[in-house]
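Coordinates in review
Listed here are the chains, written in short residue letters.
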Amino acid sequence: MLNELARVRAFAKMQSSPTTHSVSFFHLLPLSPVMEPFRYRDGELYCEEVRIADLAHEYGTPLWVYSSAKLLHEYRAIQEAFAEVDPVICYSVKSNSNLSILKLLNSAGCSFDVVSGGELYRVQKAGADTTRVVFAGVGKTDAELRQALEQNILMFNVESEAELDAISRIAASMNRVAPVALRLNPDIDGKTHAKTTTGKKGNKFGMDIERHNQLANKVLNDPHLELRGIHMHLGSPINTTEPYEAAARKALDVVSALRSQGHQTNWINLGGGFGLNYRGTEAPPAAEYAQVILPFIKQAECRLALEPGRSISGNAGALISEVIFTKREGGKLFVIQDAAMNDLVRPAMYDSFHRLWPVKPTVKPPQDYEAEIPGCEATDVVGPICESGDYLAKGRYLPPMQRGDLLCTFSAGAYGTAMSSNYNSRPRGAEVLVDGTQVRLIRKRETYADLVAGELFAVASSVADPAPTDEA
Ligand SMILES: Cc1ncc(COP(=O)(O)O)c(C=O)c1O
């Protein structure tokens, strides 16, 4: 693991050195496939040992391609970084909830963080041990609370007093004691996108940290609730370690204060949100987060739970699309390809940045994808959806492309398929999981029939079949 980190750093250094430019570009990446599974070899893009062009040919586009090695590597990197305190790593199902991905992570010993009955159902289907599952979310319904209690989950991350009351009521009806962690809002700025910051006062998540004692007393006085610990999630992605250090310090303070009042508080859950290398090497490795968090956890003598999602699934996945048309209008070059905002909504929703490059490029992949790249032209990469917000990148320097060319959108494994929709009645693409030379189809491409499968003809027959007019 440490060797690999050293290699990442050496690689990053090499990338920024001017001499790198003269190196043959298809042999640029001296990284192991687990660190960077999507690599250019012999003039084209591979995932692990499989040619992306072959996958697109066999499964069509848009196509989601995932690397098993990368998923496992990122999970293990976090597990190892925090190993000293034997953490429970609860992969955040919301980032990518494909059953095969859950099964793969489960087989490696990973646990799960869920935010709905549907996610819990998926985790059950994946064969996970639900006694290690945590359940967050501001609006858990009675049915979801009951389902989670039936599954004996590790704890509810409780986000309001009203939720405490609801859990107690349901637990009482089942003659049970429900394990809860107080989700506290630590009022820490994770310095991330406004739509994904969750740990600042005024966000809808959690309860004010100053109320911890009052809330703990409420739990203590309720025979159907048991206080397991506290939970904080700061937002995502957070590319610096300082917010975690501040949160861990506050968690220690709260646990110490609660214990001094006689509360048994044995878990600290610091949520997810670890950064991801969307651009290059902007995200700290897991070991750096561990370095600032672990001292506080050890001092608190608490069990540690974490809920990483994006940092495990993000760079394990890519979205492959095919160019339909190109056009020049209004002084701009547009590449219209068959992946759209219904497939990957992040650029439209969060102005997020994804690296894009052709599968068989005529220009070497750059070190800086935001730069002006020789041999390339500023291009808007858009999809077929009838919205101006339907784009994957704007003004991005890309090599010349034409109809039929394949394009890769990198770092698309997290919040890609999980946030996808059928907007504009577009069937969602297939998903494949690569393991070395092996390829498994893990979600079939949707058909037009799938689009309408749940819909019923419930229109009055007089409207559906208008009576013949006099003229007829
Ligand atoms: C409570 C909670 N835990 C974990 C996560 C996962 O975050 P990430 O995928 O950035 O690790 C989220 C994301 O929104 C969250 O709300």
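Computed from a predicted structure; not experimentally measured. (Residues numbered from 1 in each chain as written. Predicted model: local features only at pLDDT ≥ 70, side-chain atom pairs only at ≥ 80, totals over all residues.)

Details of the overall build of the protein chain
Note the following rule: Under the scheme used here, helices are H or I runs from DSSP no shorter than 4 residues and strands are E runs no shorter than 2 residues, and both carry numbers assigned from the N terminus. The exposure label follows from counting other C-beta atoms within 10 Å of a residue's C-beta, where the C-beta atoms are placed from the backbone and the thresholds are 20 or more for buried and 12 or fewer for exposed, leaving partly exposed in between. Contact between two residues is assigned whenever their backbone-derived C-beta positions fall within 7 Å.
Counting secondary structure elements, the protein chain contains 14 helices and 21 strands. Residues counted as buried form 46% of the 472 residues belonging to the protein chain. Contacts in the protein chain between residues at least 24 apart in sequence constitute 70% of all its contacts with a sequence separation of at least 6.

Some words on the pairing of strand β2 (residues 44–47)
What counts, and what does not: Note on pairing: two strands pair once DSSP finds at least 2 bridges between them.
Relative to β2, strand β1 (residues 38–41) runs antiparallel, the two sharing four bridges. Note that in β2 the partner of Arg39 across the bridge is Tyr46. The turn linking β1 back onto β2 is made up of two residues, and Asp42 within it adopts a positive phi angle of 50°. The pairing of β2 with strand β3 (residues 50–51) spans two bridges and is antiparallel.

Points about the environment of Gly413
Relative to the helices and strands, Gly413 is located in the loop between β19 (406–409) and β20 (430–435). Owing to 30 C-beta atoms within 10 Å, Gly413 belongs among the buried residues under this scheme. Put simply, Gly413 and Ser311 are 102 residues apart on the chain and 9.6 Å apart in space, counted from C-alpha to C-alpha. With residues near it in sequence (within four places) discarded, Gly413 still touches Tyr66, Asn96, Ser313, Gly314, Asn315, Ala316 and Gly317.

Thoughts on helix α7 (residues 161–173)
The condition that has to hold: One less than the residue count of a helix, multiplied by 1.5 Å, gives the span that helix is expected to have.
The end-to-end C-alpha distance of α7, which contains 13 residues, comes to 19 Å, matching closely the 18 Å that a straight helix rising 1.5 Å per residue would cover. What α7 keeps buried is the set Glu163, Leu164, Ile167, Ser168, Ile170 and Ala171. On its buried side, α7 packs onto α6 (142–150), β8 (155–158), β9 (178–185), α8 (212–220) and β11 (225–231). Two residues or fewer after α7 comes Asn175, characterised by a positive phi angle close to 60°.

Let's talk about the site of the ligand
Where we set the bar: Using a C-beta atom placed from the backbone, a residue is described as near a molecule or strand when that atom lies within 6 Å of it. Asp, Glu, Lys and Arg are counted as charged, while Ala, Val, Leu, Ile, Met, Phe, Trp, Tyr, Cys and Pro are counted as nonpolar; the rest, among them Gly, fall into the polar class.
Near the ligand there are 18 residues, and of these Ser92, Ser236, Gly272, Gly309 and Arg310 occur at the shortest range. Looking at the shell around the ligand residue by residue, the class counts come to five nonpolar, ten polar and three charged.

Focus: the nonpolar core
What counts, and what does not: For our purposes the nonpolar core covers buried Ala, Val, Leu, Ile, Met, Phe, Trp, Tyr and Cys residues that link as a set through C-beta atoms within 7 Å. Those domain boundaries reflect an automatic or database domain assignment.
Ranked by size, the top nonpolar core spans 119 residues in total, and within it Ile52, Val65, Val133, Val180, Ala251, Ile320 and Cys408 carry the most contacts. Here this core gathers at least three residues from each of two domains, domain 1 (37–66 + 314–451) and domain 2 (133–308). With residues near it in sequence (within four places) discarded, Val180 still touches Met155, Phe156, Val158, Leu164, Ile167, Val219, Leu225, Glu226, Leu227 and Arg228.

Describing unusual backbone geometry
With an omega of -5°, the peptide bond between Thr61 and Pro62 qualifies as cis. Take Pro62: it is sitting in the loop between α2 (52–59) and β4 (63–67). Looking along the chain, the bond that leaves Ser236 and enters Pro237 is cis, with omega of -10°. Within the secondary structure layout, Pro237 lies in the loop between β11 and α9 (242–260). Phi is positive for Glu48, which is not a glycine, with a value near 50°. Structurally, Glu48 is set in the loop between β2 and β3.

Quick look at the packing of α8 against α9
Stated formally: In this analysis, axes come from line fits to C-alpha atoms, helices being fitted only over the stretch in contact, and the angle between any two N-to-C directions falls in the range 0 to 180 degrees. Orientation labels follow simple angle bins: below 35 degrees gives roughly parallel, above 145 gives roughly antiparallel, 65 to 115 gives roughly perpendicular, and whatever is left gives oblique. Helix crossings are classified by the rotation of the near helix relative to the far one: an anticlockwise turn of less than a right angle makes the crossing left-handed, while a clockwise turn makes it right-handed.
Running from N to C, α8 and α9 point in directions that differ by 50°, and their axes come no closer than 10 Å. In terms of orientation, α8 and α9 fall into the oblique class. Where α8 crosses over α9, the handedness of that crossing is right-handed. Contact residues: α8 offers His212, Asn213 and Ala216, while α9 offers Val254, Ala257 and Leu258. Tallied by class, the residues present in the contact of α8 with α9 amount to four nonpolar, two polar and no charged.

Considerations on the confidence of the model for the protein chain
What counts is decided by this rule: Scored from 0 to 100, pLDDT reflects the predictor's confidence in each residue.
Predicted confidence across the protein chain gives a mean pLDDT of 90, with 88% of residues reaching 70 or more. The low-confidence segment residues 1–30, where pLDDT is below 50, has 24 contacts with residues more than four positions distant or belonging to other chains.

Description of helix α5 (residues 117–125)
To keep things clear, this is the line we draw: By construction, the arc corresponds to the directions joining the helix axis to the C-beta atoms.
Looking only at α5, the buried set comprises Glu119, Leu120 and Val123. All buried residues of α5 fall inside an arc of 100° around its axis, so they share one side. Close packing links the buried residues of α5 with α4 (99–107), β6 (111–114), β7 (134–135) and α6.

Regarding the packing of helix α3 (residues 68–81) against α4
Two elements in contact, α3 and α4, have axes separated by 10 Å at closest approach and are oriented at 50°. Considered as vectors, α3 and α4 are oriented oblique to each other. At the point where α3 passes α4, the crossing takes the right-handed sense. Residues Ser68, Leu71, Leu72 and Tyr75 of α3 form the contact with α4, whose participating residues are Ile101, Leu104 and Leu105.

Some remarks on the sheet that holds β2
Taken in spatial order, the three strands of this open sheet run β1-β2-β3, and their pairing is antiparallel. Edge positions in the sheet fall to β1 and β3, since each of these pairs with one other strand and no more.

As for the pairing of strand β5 (residues 88–92)
Taking burial as the measure, the five residues of β5 include five buried ones, the bulk of the element. Burial of β5 is two-sided: the residues Val88, Cys90 and Ser92 facing one way and the residues Ile89 and Tyr91 facing the other way are all buried. Across two bridges, β5 lies against strand β13 (residues 303–306) in parallel orientation. Note on β13: the bridge partner recorded for Val88 is Ala305. Summarising the sheet, β5 and β6 pair through three bridges and their orientation is parallel. When the bridges of β6 are listed, Tyr91 appears paired with Phe112.

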